[in-house]
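Next come the chains, spelled out residue by residue.
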Amino acid sequence: METWFYVVDSIDGDYANLRRTDIESDDLKLVARALLPDGISEGTKLKYELMQYSIVED
């Protein structure tokens, strides 16, 4: 089972651009906001595990 970590780089309408933080990458992943937890904003840290996103609290 793999786990990936992201940060919300930007929000554009119904979509959010996510940037991986657990590896070195400049690529962005476009994800529908309907698949993300409520209350996200730019800079929100997310964990993707078991085909589900959750907010990571610091």
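Further up the page is the structure itself.
The paragraphs below set out a description of the structure included in this document. Keep in mind the model is a prediction, meaning the values are calculated, not measured.

Right, let's get into the overall build of the protein. For the protein, the helix and strand inventory stands at 0 helices and 5 strands. Put simply, the protein runs from its N terminus to its C terminus through helices and strands in the order β-β-β-β-β. Relative to its length of 58 residues, the protein is compact, with a C-alpha radius of gyration of 10 Å against a globular reference of 10 Å. A principal-axis box enclosing the C-alpha atoms of the protein has dimensions of 30 × 25 × 20 Å. Looking at the protein as a whole, 26% of its 58 residues qualify as buried. For the protein, the share of sequence-separated contacts (at least 6 apart) that also reach a separation of at least 24 residues comes to 32%. Of the roughly 4,300 Å² of accessible surface on the protein, 46% is carried by carbon and sulfur atoms.

This part is about the nonpolar core. It is characteristic of soluble globular proteins that their nonpolar side chains tend to be buried jointly. Formed by Y6, V8, A16, L18, V31, L36, I40, L46, Y48 and Y53, the largest nonpolar core amounts to 10 residues. Looking at this core, the elements that each hand over two or more residues are strand 1 (3–12), strand 2 (15–20) and strand 4 (45–49).

Reading the values: the criteria
Residues numbered from 1 in each chain as written. Predicted model: local features only at pLDDT ≥ 70, side-chain atom pairs only at ≥ 80, totals over all residues. Heavy atoms only, no water. Helix = DSSP H or I, 4+ residues; strand = E, 2+ residues; numbered from the N terminus. Rg over C-alpha atoms; globule rule 2.2 N^0.38 Å. Buried < 20%, exposed > 50% of the residue type's maximum accessible area, 1.4 Å probe, protein only. Contact = heavy atoms within 4.5 Å. Areas by Shrake-Rupley, 256 points an atom, 1.4 Å probe, with all protein chains shown as cover. Core = buried A, V, L, I, M, F, W, Y, C linked by side-chain atoms within 4.5 Å.

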